[in-house]
Structure formats: C-alpha cells, structure tokens
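Structural features, examined
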Amino acid sequence: MRKIITLSEYIIDRQADFPYASGDLSRLLSDIGIAAKIVNKQVNKAGLGDILGAHGTENIQGETQQKLDVIADEVFINSFKNGGQVCGIASEENDGYLAFEKDLCKKGKYVVLFDPLDGSSNIDVNVSIGTIFSIYRRTSSIGDLANVNDFLQVGYEQAAAGYVVYGSSTMLVYSTGHGVNGFTLEPSIGEFCLSHPNMQIPEDGKIYSINEGNLAMCEEGVKSYIDYCKEVDKQSNRPYSARYIGSLVADFHRNLIKGGIYIYPATSSAPNGKLRLLYECNPLAFLAEQAGGVATDGKQRILDIKPTELHQRVPYYVGSKNMVEKAMEYLAEQEAVTK
Ligand code: AHM
Ligand code: MG
C-alpha cells in the first residue's frame, strides 16, 4: 500500500519549503479543508427533507438562493472569522464585501473571494456541485479594516486558489502557485488524502463543454469553432465529444483530468457571459495555468483583467492549451471578417 499523505500533512510539508513564511497561508488552507468537510456533510444530506429547496431570498444577480448556498456561505465565513488569517471576504451570496471587525481578523494578512456552492441548481437532481476559492494578500495595512481594493486585485496576484467538488467522491484541488494537487476525501477516516499529485491538463483534448442551447445567441466565431469541434477529421481526433454538466467545477475538473475546453461565451442576452471573474473565473484560471492550460475571455488572459466590480462577469474559455488557442483563432478570424 502507498503511504497516505493527508491534506494537513501535505500543507505542513510544503510549509517547510518556505522557511521565512509565517504559516498563515497554511493555516488558512487547513481551515478551508475543514469547512469543506462540514459543507460536504450537508451536501450529502441534501435529499433529506427540509434542507432541500429554495431559501426564498434572492442574491444580487436576481437568482433564487438554495438553502445549501446560504449554509455553505455561513460555514466558510465562520471558519475564516475564527481562523484569524483573513481580514475580509467577498462571496457570490453577499452583495458587498465583508470586512471582519474582530481585532484578531483585522490582523489577518489575506482576503478570500469565493463561491460557496457553485452549480447549486443541480442540488435537487443529485448532480455534482462545488466550492471555488481565491486567496489574495491584502493591499491595505495590517490592523485596518479590509477595503474594496483588497478585493479588486488582478488575478495573477492570487496567492492561492482552488475548488472542492462534491461528486461521486469529494475532492479538494488547490495551488499556491507551485503546481496543482488534488486530495480525495476518504470518508472512513474523514481526511482529504493526496490522490492526484502534480496535476497537468493534457495540451489537447477531445471534449468540448458549452451550453449549446445558447448557440444561436453567440457570436459567429463561437458557432464556427463549435462546427470545427463536430467536424469529422480522424487525424485531429474529431469530432470531439460534447459534455456539459452545467456545474462549472465539475466540468472544469473533468477537463483538467481528461483534457478539454469549457466555454461560457458572451451571448446577445448576456454580453459579458454569465460567470463571475473574481470567484469563478480567476481561481480556475490560476489552476488551469498552473496545470499547463490556458484561460482567456476569448481575447485576453483572464489573469490579466483588472477588475472594477466584485460581481463582474466575463466570457470564459478555459482548458487544454491547444483547444483554447484554436477557439481564439476562430474568434479572431470572425472578428476580422466582420470589421
Ligand atoms: P451559479 O453560480 O448560479 O451556480 O451559476 C454558475 C453555473 C456554473 O456552474 C455553470 O457552468 C453555469 O452556471 C451553467 O449555466 P447555464 O445553465 O446557463 O448553462
Ligand atoms: Mg457560481
């Protein structure tokens, strides 16, 4: 049997690689692991009665919140508040950022932006959902309240990012900028164990993931790229397979392992796409690049976009390097034609 390395052991071992680091980021990552286990318990019980169903309130984007969204949001916020490493958070479920007022928190070096439960419309049909998180060093002074500039940082400044996928097994995947590692929750011992060391996304893939129901509302470049994906060409492994779970974390996770492209483009009804830059696109873009992949808005690198709003949306193309680059070629060609 291979030696089991738990998430906590792994984080402590990595900490030794940075002799001058204070250990705060390590403690924060451990807290995320614990919060994820608590949320996982709730997700597993989702079919059992009153946890299931809409909570009845709407978030800033006018979407009905499921009860579990609210529960997950609270679990992560409480964990950050009690940990002392985080001075404030922003999340999909809160209209504005929250600056923690406790003295312990004001001394925290980090802010966290997160989507507590992404793909939550999938909960009541027992399909995988996920938590996505993005961690930055604060730009405001330690001891002060966090301010908006701590949250509106460009993606390449992320100190760490990751996700938890609550699927047929539960996994936590994260990066601190030194590669990507995946940990699977071993339910009998209640520990995340290193199962996917040094994850690399294949340069080419055979899977495209897009809500094709929206294709008529997409620009011509997207349509012609999807035509390309469906074309028969044995040499380049086409036609590709279409796979769309409708849960970003699950679609991303599959493509990270198998190779593929995930697209949520601009549409005529959503000119900036649907996905949120700060707590959906940036963290997964950070992971994609750390694994050798690419993430763009169709024109520019996601991690270079300077955010202006907490809930800003961007078109999203992420996955295997050659596939994303090919999609961008199609977009550029069509743009040249229409100019
Ligand atoms: P959410 O944050 O409200 O759950 O929305 C994000 C989700 C992603 O997980 C998923 O990829 C996408 O929305 C699906 O959208 P659509 O149903 O428009 O294809
Ligand atoms: Mg979401």
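Residues numbered from 1 in each chain as written. Chains lettered and ligands numbered in written order. Predicted model: local features only at pLDDT ≥ 70, side-chain atom pairs only at ≥ 80, totals over all residues. Heavy atoms only, no water.

1. Quick look at the pairing of strand 6 (residues 129-137)
In the case of a regular strand, side chains alternate between the two sheet surfaces. Of all nine residues in strand 6, eight are buried, a share of seventy percent or more. Sheet analysis places strand 5 (residues 110-118) next to strand 6, joined by seven bridges and oriented antiparallel. In the sheet register, V112 faces strand 6, and the bridge partner there is I135. For strand 6 and strand 7 (residues 160-166), the ladder comprises seven bridges, and the chain directions are antiparallel. Note that in strand 7 the partner of F133 across the bridge is G162. (Buried < 20%, exposed > 50% of the residue type's maximum accessible area, 1.4 Å probe, protein only. Helix = DSSP H or I, 4+ residues; strand = E, 2+ residues; numbered from the N terminus. Pairing = 2+ DSSP bridges.)

2. Structural notes on the site of ligand 1
By nearness alone, 17 residues border ligand 1, and D118, Y244, L248, Y262 and Y264 come closest of all. N211 is positioned such that a nitrogen or oxygen atom in its side chain is 2.8 Å from an oxygen atom of ligand 1. Y244 is positioned with one of its side-chain polar atoms (N or O) 2.5 Å from an oxygen atom of ligand 1. Isolated, ligand 1 exposes 470 Å² of accessible area, and the fraction of that covered by the protein chains is 84%. Only strand 5 and strand 13 (261-264) provide two or more residues apiece to the shell around ligand 1. Both of domain 1 (7-196) and domain 2 (207-338) provide at least three residues apiece to the shell around ligand 1. (Near = heavy atom within 4 Å. Polar contact = N/O pair within 3.5 Å; in protein donor to acceptor, adjacent residues only side chain to side chain. Areas by Shrake-Rupley, 256 points an atom, 1.4 Å probe, with all protein chains shown as cover. Domains from an automatic or database assignment.)

3. What about the packing of aromatic side chains?
To describe a pair of aromatic rings, one takes the distance between the centres and the angle between the planes. Throughout the structure, instances matching the rule amount to 12 aromatic pairs. Relative to F80, the ring of F76 lies with its centre 6.2 Å away and its plane at 35°, an arrangement referred to as tilted. Linking F76 with F80, this pair stays in helix 3 (residues 67-83), spanning four residues, or about one helical turn. The pair formed by F76 and F80 is uniform in burial state, with each residue classed as buried. One aromatic cluster is present, built from ring pairs that chain together Y225, Y228, Y240 and Y330. Note that R14 overlies the ring of Y10, its terminal NZ or CZ placed 4.9 Å from the centroid. (Phe/Tyr/Trp six-rings, centres within 6.5 Å; stacked < 30°, edge-to-face > 60°. Lys NZ or Arg CZ within 6 Å of the ring centre and 35° of its normal.)

4. Points about the domain arrangement of the protein chain
What the domain assignment lists for the protein chain is domain 1 (7-196) and domain 2 (207-338). With centres defined by C-alpha atoms, the gap from domain 1 to domain 2 works out at 24 Å. Contacts between the two partners involve 47 residues from domain 1, matched on the other side by 32 residues from domain 2. Buried area between domain 1 and domain 2, summed over both chains or domains, comes out near 2,900 Å², and the portion from carbon and sulfur atoms is 64%. At the boundary of domain 1 with domain 2, the tally comes to one salt bridge. The closest approach of N and O atoms between E92 and R276, which form a salt bridge, is 3.3 Å. (Contact = heavy atoms within 4.5 Å. Buried area = accessible area lost by both parts, 1.4 Å probe. Salt bridge = Lys/Arg side-chain N within 4 Å of Asp/Glu carboxyl O.)

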